[in-house]
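Below are the chains, spelled out letter by letter.
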Amino acid sequence: MQSAPLPETLANLLGLDPNNTVVMIVMSLIGAALIGALMMTNTALAGPWAKRKITAAFTDRIAVDRIGPYGLFIIVADAVRLLSKELIVPEGVDRPAWDLAPLVIASTALLGFAVIPMGNGIQLADPEVGLAYVFATASMASVGLVMAGYASNNKYSFLGGLRAVAQNLAYEIPLILTGASVVIFAGSLQMSEIVAAQQQSLIGPLPSWYAFVNPFAFVLFMIANLAEVGRNPFDIPEAPTEIVAGYQTEYSSVYFVLVYLGEFIHIFLGGAIIATIFLGGPAGPVLPGIVWFLIKIWGVFLFTQWARSAVPRVRIDQLIEIGWKGMLVLSLANLLLTAVIVGVTV
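Here, residues in each chain are numbered from 1, in the same order as that chain's written sequence. Side-chain atom pairs in this predicted model are given and counted only at pLDDT of 80 or more, local residue features only at pLDDT of at least 70, and totals for whole chains, interfaces and linings cover all residues. Neither water nor hydrogens contribute to the side-chain values; these are computed over all heavy atoms in the structure.

Digging into the environment of N42
So, step 1. Its location among the elements puts N42 in helix 2 (residues 21-58).
So, step 2. For the pair N42 and W298, spaced 256 residues apart in sequence, the C-alpha separation works out to 8.9 Å.
So, step 3. In what follows, a contact means two residues having at least one pair of non-hydrogen atoms within 4.5 Å. Discounting chain neighbours no more than four positions away, the residues touching N42 are F268, L294 and W298. The helix and strand labels rest on DSSP assignments: H or I over at least four residues marks a helix, E over at least two residues marks a strand, and numbering proceeds from the N terminus.

Written out as structure tokens, the structure is:
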């Protein structure tokens, strides 16, 4: 049973007519602002604070603990520090593209959350092609990376942009093919239908989440997602020990904040996709759906930070070889096997 989308839920809560076009436009804008604020809050918590705490725990160090309780005020301190820095514009940059690249990187991931079901009535829109839409918006970040690399007039930035293109081509295809295997099981691209298809029991109390139904696809998707969000061992586009900071080398002040913000929003978008198509979305016992949704996406974030701390970076040639010769073949095999199994059993 599908719940009403968030704009309609807000209209009903405020006693307004959900059939009125103006009311629904206003409610849609309010709903988009609420979802954006929720994800930006999680990103602000993850970037300056949680990332340092998790890395310190993995490497047996002490992270930020001096500014506020548990070091939480480092979020405010970092925001003030970065936003108050001078915006340095290098000589020879392509200003239109250089200025727009951080906005593209940060905004494209936020667009993807529009179709993610986060709980009962907490979904901005539920189109029939929801999964295709979210993959499309996630892949648009590549445009921002290329713009940043090309427009910066810096050889390290340009190398980072080229690496980002090569990496996204090599890993987005396996990512989408693996997602298509879930579509075969669910019989729909609609996000709410994919979540609903995982509500039955698989064996005893074990839910029929596709992570349990097809763990091979789940592992493939998790690995490809690491490449999609640029986390070890696939952080090749920025590779600090090789090309300074890659595509973001020439950015400072508010532009660097937008690039950094976009990186973490994309990590949470990847977690949201994984939670939706493999982990039952907001489903879970006792706690409200939104709480389970946040637990799941933070679990994926924790996995990416573990990979960042524990797994060494691969070389660019190894990355391409793993993507085209390994992940692509395995994802195709998984898709064909899934189609055969579903075709035989249905």
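Regarding the confidence of the model for the chain
So, step 1. Known as pLDDT, the predictor's per-residue confidence is scaled from 0 to 100. Chain-level statistics for the chain give a pLDDT mean of 88 and a share of 99% at 70 or above.
So, step 2. No element of the chain has a lower mean pLDDT than helix 11 (residues 240-243), at 77, and none a higher one than helix 8 (residues 191-196), at 92.

Focus on the packing of helix 1 (residues 6-13) against helix 2
So, step 1. Helix axes are fitted only over the stretch in contact, all axes being lines through C-alpha atoms; the angle between N-to-C directions runs from 0 to 180 degrees. Relative to each other, helix 1 and helix 2 sit at 110°, their axes nearing to 8 Å. Relative to helix 2, the element helix 1 lies roughly perpendicular. Facing L6, P7, E8, L10 and A11 of helix 1, the residues of helix 2 in contact are V23, M24, M27, S28, I30, G31, L34 and I35. When describing relative orientation, an angle under 35 degrees is termed roughly parallel and one over 145 degrees roughly antiparallel, while 65 to 115 degrees is termed roughly perpendicular and anything else oblique.

Side note on the environment of L279
So, step 1. Inspection of the secondary structure assignment puts L279 in the loop between helix 12 (253-278) and helix 13 (289-310).
So, step 2. Not counting the four nearest positions on each side in its chain, L279 is found in contact with Q198, W209, A211, F218, I274 and K296.

A look at unusual backbone geometry
So, step 1. Look at the link from N232 to P233: it is a cis peptide, with omega at 5°.
So, step 2. We note that Y70 has phi near 55°; this positive angle belongs to a residue other than glycine.
So, step 3. By the secondary structure assignment, Y70 is in the loop between helix 2 and helix 3 (74-83).
So, step 4. Think of it in three bands: with a 1.4 Å probe and only protein chains considered, a residue is buried below 20% of the maximum accessible area for its type, exposed above 50%, and partly exposed in between. For Y70, a relative accessible area of 66% corresponds to the exposed category.
So, step 5. Despite not being glycine, V286 has its phi angle at roughly 65°, a positive value.

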